[in-house]
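Observations on the model geometry
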Amino acid sequence: MSLLKTAKHLKHGLTRSLDVKNRNVRVVGLMATDLCKSRCRHCFIWNKKEHHHLGVDVVEQLLQDPAVTRKTFFELTGGEFLEHPEWREIVRLVKAAGNDFVVLSNGMYPDELIEAVKEYKIPNVYMSLDGLGETYKKVRGVDCSADIIRIVDEIKDLTNVHLGYTITPWNALEDLKQVKALAEEKGVEMSVGAYQNPEFFDTVKPGGKISAEHEPYLDEFMRLNNAWMDKRFSIPCWNIRTKCYILGNGDVFLCQQKSVVLGNLNEKSFNEIWNSPETIATHEEYAKCNDCWLACNRPLDAQLAYAGRLVFSNKRMNKMFGEHDWDLVLDAFRNQNGSTPS
């Protein structure tokens, strides 16, 4: 790893460590609706019996809350975010507040998403693409891959487009290669995650290790996945002190892995919930939780662990944060040269 990249990791680690210490809210996952027309085999939100849409008035109050600043990043998601009956108003409110945000979509509403990017100048769009054609249909129950490609073509020069590929039991290395080739052809970003079993998604099939043939395509964070699964690796969960999820019914969730409700925005303000003694105690209680290695939850933990290990010895890190294999993080980051095979 270059000295410049190492320096960036150190700077980022210092900034985010202060956020963790002060419990600054840096990311809110706004799961505004649990409606979704996909039929994914690795997420069963679509199968929930009761459906909820987060009230626009709740979003408006959230954006004015003292615990939320202009530095708070919003993930507008679901379910399928565009199935919220007032998704346009939510986008307008977040945009007007001046917060950076991303719209996450399964690509099932291509015309609406393309129109929204143009009309509201949406800064970031993230779409899941776990394969093309029949593979996409096998993983998600419907085939929207052609729609996603059309969306990419229409908006890639207007916003930051990111394609997310999840390694699952229902796709293969060749699918990953195809999606990577597509991302390179279109000039958009791509990341690779792995299927796991967050409680909220009601998954059935257990997640498994990532095969060695996939390893060259993984970033620093995902290179630690198998060590985590083998229980050879554990680090504190700092992310929960800077990020939370809000569901369509107003519940403020600790994270996607645990169905822990911190409070409800229909009953209390976000600031009252976030800074309550109960939430502070919950953050302390789950600080040593190591029950997931989800890409939506724990990259910050890996980044902070790496930055800390660059500065302090393994012995010192153990004294400050408990007995963990900090050198596994060090090796994962040092062995990642930033390149992936063609």
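Everything numeric in this text was worked out from a predicted model, so none of it was measured.

Conventions and cut-offs
- Residues numbered from 1 in each chain as written.
- Predicted model: local features only at pLDDT ≥ 70, side-chain atom pairs only at ≥ 80, totals over all residues.
- Heavy atoms only, no water.
- Helix = DSSP H or I, 4+ residues; strand = E, 2+ residues; numbered from the N terminus.
- Rg over C-alpha atoms; globule rule 2.2 N^0.38 Å.
- Buried < 20%, exposed > 50% of the residue type's maximum accessible area, 1.4 Å probe, protein only.
- Contact = heavy atoms within 4.5 Å.
- Areas by Shrake-Rupley, 256 points an atom, 1.4 Å probe, with all protein chains shown as cover.
- Lys, Arg positive; Asp, Glu negative; His and termini not counted.
- Charge placed at Lys NZ, Arg CZ, Asp CG, Glu CD.
- Axes fitted to C-alpha atoms, helices over the stretch in contact; angles between N-to-C directions.
- Parallel < 35°, antiparallel > 145°, perpendicular 65-115°, else oblique.
- Pairing = 2+ DSSP bridges.
- Arc of directions from axis to C-beta.
- 1 Å grid on protein atoms, 1.4 Å probe; cavity = no way out; pocket = protein on both sides within 12 Å on 5 of 7 lines; lining within 4 Å.
- Points joined across faces, edges and corners; volume = space filled by probe spheres on them.

Within the protein chain, the regular secondary structure consists of 13 helices and 9 strands. Against the globule reference of 20 Å for 342 residues, the protein chain gives a C-alpha radius of gyration of 20 Å, in line with a compact fold. A principal-axis box enclosing the C-alpha atoms of the protein chain has dimensions of 55 × 50 × 40 Å. Sorting the 342 residues of the protein chain into buried and exposed places 54% on the buried side. Residue pairs in contact within the protein chain that sit at least 24 positions apart in sequence constitute 71% of those at least 6 positions apart. Per element, the accessible surface of the protein chain, about 15,600 Å² overall, is 50% carbon and sulfur. Charge centroids of the protein chain, computed over 43 positive and 47 negative side chains, lie 6 Å from each other.

Here we come to the environment of phenylalanine 270. The residue phenylalanine 270 is located in helix 9 (residues 270-274) in this model. Overall, the relative accessible area of 2% leaves phenylalanine 270 in the buried class. Beyond its immediate stretch of four places on either side in the chain, phenylalanine 270 contacts Val25, Leu62, Asp65, Ala67, Val68, Cys244, Ile246, Val252 and Leu265.

The interhelical angle for the contact between helix 2 (residues 56-63) and helix 3 (residues 87-97), taken along N-to-C directions, is 10°, at an axis separation of 10 Å. Here helix 2 is positioned roughly parallel relative to helix 3, judged by the angle of their axes. For the pair helix 2 and helix 3, the contacting residues are Val56, Val59, Glu60 and Leu63 in the first and Glu89, Ile90, Leu93, Val94 and Ala97 in the second.

With mixed pairing, the 9 strands of this open sheet are ordered in space as 6-5-4-3-2-1-7-8-9. Edge positions in the open sheet fall to strand 6 (189-194) and strand 9 (261-264), since each of these has one partner strand only. Neighbour-to-neighbour, the strand axes of this sheet turn through a mean angle of 25°, independent of strand direction. With 4 bridges connecting them, strand 1 (residues 27-31) and strand 7 (residues 243-246) associate as parallel partners. Across the sheet, the residue bridging to leucine 30 is isoleucine 246, located in strand 7. Here helix 3 sits on the sheet in contact with strand 1, strand 2 (73-77) and strand 3 (101-105), set at roughly 175° to strand 2. Against the sheet, helix 6 (residues 145-155) contacts strand 4 (124-128) and strand 5 (160-167), and its axis sits at roughly 160° relative to strand 4.

For residues other than glycine, phi is negative in most cases, and the peptide bonds are mostly trans. Put simply, glycine 78 and glycine 79 share a cis peptide bond, and its omega is 25°. Within the secondary structure, glycine 79 sits in the loop between strand 2 and helix 3. In the Ramachandran plot, lysine 121 falls in the positive-phi region, its phi being about 55° despite a non-glycine side chain. Along the chain, lysine 121 falls in the loop between helix 4 (110-120) and strand 4. One non-glycine residue, lysine 231, lies in the positive phi region at around 60°. Here lysine 231 lies in the loop between helix 8 (225-229) and strand 7. Using a relative accessible area of 76% as the deciding quantity, one classes lysine 231 as exposed.

Within the secondary structure layout, lysine 21 lies in helix 1 (residues 3-22). Residue classification places lysine 21 among the exposed positions, given a relative accessible area of 65%. Spatially, the C-alpha atoms of lysine 21 and threonine 242 are 9.2 Å apart, while their sequence positions differ by 221 residues.

Glancing now at helix 6. Those residues of helix 6 that fall on the buried side of the exposure criterion are Ser145, Ile148, Ile151, Val152 and Ile155. For helix 6, the arc enclosing every buried residue in end-on projection is 115°, short of the 170-degree limit, so these residues lie on one face.

Considering only enclosed or pocket space, the second largest pocket measures out at about 620 Å³ in volume. Ser17, Val20, Trp238, Leu304 and Phe321 are, among the 22 residues lining the second largest pocket, the residues nearest its centre. Put simply, the parts of the chain that give the lining of the second largest pocket at least two residues each are helix 1, helix 11 (299-311) and helix 12 (314-321). Per-element tally for the lining of the second largest pocket: the top contributor is helix 1, with 7 residues.

So yeah, pure geometry; function would need other evidence.
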